[in-house]
Amino acid sequence: MFDYAFMRNAFLISLLISLICPLIGTFLVLRRYSMIGDALSHASLAGVATGLLFHANPIISAFCLTSFFGLLIEVLREKFRRYAELTLVIVLSLSVGIAITIISSGLVHANVDFFLFGSILTVSQGEVTTVAILTVVSLLTIFGLFPQLVLLSFDEDGARILGVKARAINYIFSILVAATISVSIRIVGILVISSLIALPVATALQLRQGFKKTMALAVFFSFLDVMAGLLASYYIGAAPGGITAIVSVLLLLLVIFFQSCSQKREVPHAQS
Amino acid sequence: MLQISHLSFAYEQGPYLLHDLSMEIRDGDYVAIVGENGSGKSTLVKLILGLLSPSSGTISSTFRRPAYVPQPTDMINKQFPITVREVLDYTRQVLQIKDRNAVDRALDRMHIASLQDHLIGALSGGQYQKVMIAKALLGKPDLMIFDEPSTGMDLKSQDDLYPLIHHLNEERGITVITVEHNLRYAAHNASSFFHVVRGQGHFCTPHEYIQEYLTENGGDCAHV
């Protein structure tokens, strides 16, 4: 199947997505920000619609607008400290409002379905380059700020006392989430990106390992999810996003099942 | 030295929790902050650490390396996937300590080397607090603040903990502030008490604090 250029492009992007999504996802899940990832993935539709409207690269426009909405969430979270979920409603209303207005007006002459559900057929070489650049920059930023991000996720007050600049890092993190969502749009699709950000991490957490091992396991599970979506898309023609989401849930349930079975086996052993 | 002048604090639109409070802590002091639940002790500590900003008044400090040891029962997130060694190693990296052996020394100092690969959520309250003290000591602190250090700990762990705090204060010259409910240990170790009551505070001896407490509570000494 790699004789086809579109499959090689799709495979490259899938590889990058399966790396970046769980890395960002680990911090999002552990900081209990999963819903922010979900809100921003929907908000990226406004970026895609704007890009298509102005004939710009939709991944770049999605990155710009999703970054803006990510920063807006951070600003609003400080304003509405006691009603943090309200910020998500505000950002969703604004972003989805923009997207629906542009798409329903008939000004966009492109198929938005590819961005909603993901597609392996329409990935261009230029988009592979854009995704690669965004991924590499995101990876460098994550590894540059890794100890700060871990301690902020573990104990934000403790990290602040150690001198971690929490507010600045939270803003940078919002942009990283935006970049992750933008690179994932093409293959996974806007509607199910959050499953790829959160579910491999949830699966890895079941195995109760340290931070680095949990992150590595999340990358492994994410790779399985994305590749299953890619192969299914090639052989049965379905959009890869749907299969990826289904496989990620099945994998999580499978790991939960095996974990509970192994715990049941350990109990009589411990008593004897 | 830590100097607090006419400090007032209220959460958003709420009433003043601290009002016109002043205190001074000199280098090498061991001060136990005491008072009833909800009197504002923990809020005062958060203000000292810079986690909250005063509504009015000033806090000036010459301490450059403050460290905080949370309550042992206040485990941040028991499900968080991080080992003891990872907590200390990421702290070392944030503090830009280049010597990787600093983590081993911190583990040895607190006699927790055998726990280094344990997940933080699998530790007992006493073990968790030892990790937090090891984490605090990595930064070579000049001020250590303990929030209710004996809460949720058995007597054996308390007997281990207080001599250690005393040692850090006496032998290593670290200024110590503890938010205390355990008056037995506090009276034995602290150089003075700071009683927070009705949003204000004053220094007193343990004996004076007990007298004040009994007067306020009509002779009910259950807490004491």
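Structure first, text after, so check above.
Along each chain, residues carry numbers from 1 onward, in the same order as the chain's sequence is written. Written order decides the labels, with chains lettered from A and ligands numbered from 1. Restriction of local features to residues with pLDDT of at least 70 applies here, the model being predicted, together with a cutoff of 80 or more for giving and counting side-chain atom pairs; totals for whole chains, interfaces and linings are based on all residues. Only hydrogens and water are set aside; all other atoms, that is, all heavy atoms of the structure, feed into the side-chain values.

Asker: How do you make sense of the environment of I13(A) when you look at a structure like this?
Answerer: The helix and strand labels rest on DSSP assignments: H or I over at least four residues marks a helix, E over at least two residues marks a strand, and numbering proceeds from the N terminus. Within the element layout of this structure, I13(A) appears in helix α1 (residues 5-30). When the C-alpha positions of I13(A) and F257(A) are compared, they lie 31 Å apart, and in sequence the two are 244 residues distant.

Asker: Where do I start with the sheet that holds strand β4 (residues 56-61) of chain B in this structure?
Answerer: Strand pairs in the sheet, formed through backbone hydrogen bonds, run parallel or antiparallel to each other. All names here are of chain B. Strand order in the open sheet formed by 3 strands is β2-β1-β4, with antiparallel pairing between adjacent strands. The strands lining the two open edges of the sheet, one partner per strand, are β2 (16-25) and β4. Between one strand axis and the next, the sheet turns by 20 degrees as a mean value, whatever way the strands run. Note that strand β1 (residues 2-10) and β4 share 5 bridges and pair antiparallel. Paired with Q3 across the bridge in β4 is S60. The strands touched by helix α1 (residues 41-48) within the sheet are β1, β2 and β4, with β1 carrying the most contacts at an inclination of about 120 degrees. When DSSP finds two or more bridges between a pair of strands, those strands are recorded as paired. Angles run from 0 to 180 degrees between N-to-C directions of axes, and those axes are lines fitted to C-alpha atoms, restricted for helices to the stretch in contact. Contact definition: two residues touch when any of their heavy atoms are within 4.5 Å.

Asker: What is the right way to look at the layout of surface pockets in this model?
Answerer: A probe as big as a water molecule, rolled over the atoms, marks out the empty space that is left. The space that makes up the largest pocket amounts to roughly 1,400 Å³. In this structure, the largest pocket is lined by 38 residues; those nearest its centre are R81(A), E156(A), D157(A), R160(A) and L51(B). Going through the elements one at a time, α3 (58-79), α8 (156-161) and α9 (166-188) of chain A together with β1 and α1 of chain B are the ones with two or more residues in the lining of the largest pocket. Each residue gets one label: Ala, Val, Leu, Ile, Met, Phe, Trp, Tyr, Cys and Pro are nonpolar, Asp, Glu, Lys and Arg are charged, and the others, such as Gly, are polar. Class assignment of the residues belonging to the lining of the largest pocket gives a composition of 16 nonpolar, 6 polar and 16 charged. For cavity detection a 1 Å grid was placed over the protein atoms alone, and a set of points counts as a cavity when a 1.4 Å probe fits there but cannot get out; an open set counts as a pocket when protein lies on both sides within 12 Å along at least five of seven lines, with lining residues being those that have an atom within 4 Å of a point. Along the wall of the second largest pocket there are 14 residues; nearest its centre are L205(A), R208(A), K78(B), Q79(B) and F80(B). In terms of residue class, the lining of the second largest pocket is made up of 7 nonpolar, 4 polar and 3 charged. Grid points are joined across faces, edges and corners, and a volume is the space filled by probe spheres set on the points.

Asker: Would you mind showing me how to read the environment of F154(A) here?
Answerer: Residues and elements named next belong to chain A. For F154, the position within the fold is in helix α7 (residues 146-154). A relative accessible area of 2% places F154 in the buried class. With 127 residues separating them along the chain, F154 and F27 place their C-alpha atoms 9.4 Å apart. Under the scheme applied here, a residue whose accessible area is under 20% of the maximum for its type counts as buried, over 50% as exposed, and between as partly exposed, the area being computed with a 1.4 Å probe on protein chains only.

Asker: Before we go on, may I ask you to explain a positive patch on the surface in this structure?
Answerer: Patch construction takes residues with relative accessible area above 30% that form no salt bridge. Like charges are linked within 9 Å, and nonpolar side chains (Val, Leu, Ile, Met, Phe, Trp, Tyr) are linked within 5 Å. What sets the accessible areas is the Shrake-Rupley method with a 1.4 Å probe; for residues, cover comes only from the shown protein chains. Put simply, a salt bridge is a Lys or Arg side-chain nitrogen that is within 4 Å of an Asp or Glu carboxyl oxygen. Residues scored as positive are Lys and Arg, those scored as negative are Asp and Glu, and His as well as the terminal groups of each chain are ignored. The atoms used to mark charge sites are NZ of Lys, CZ of Arg, CG of Asp and CD of Glu. A cluster of basic residues, R65(B), R109(B), K140(B) and R172(B), forms a positive patch on the protein surface. Exposure remark for R109(B): the relative accessible area of 37% places this residue in the partly exposed category.

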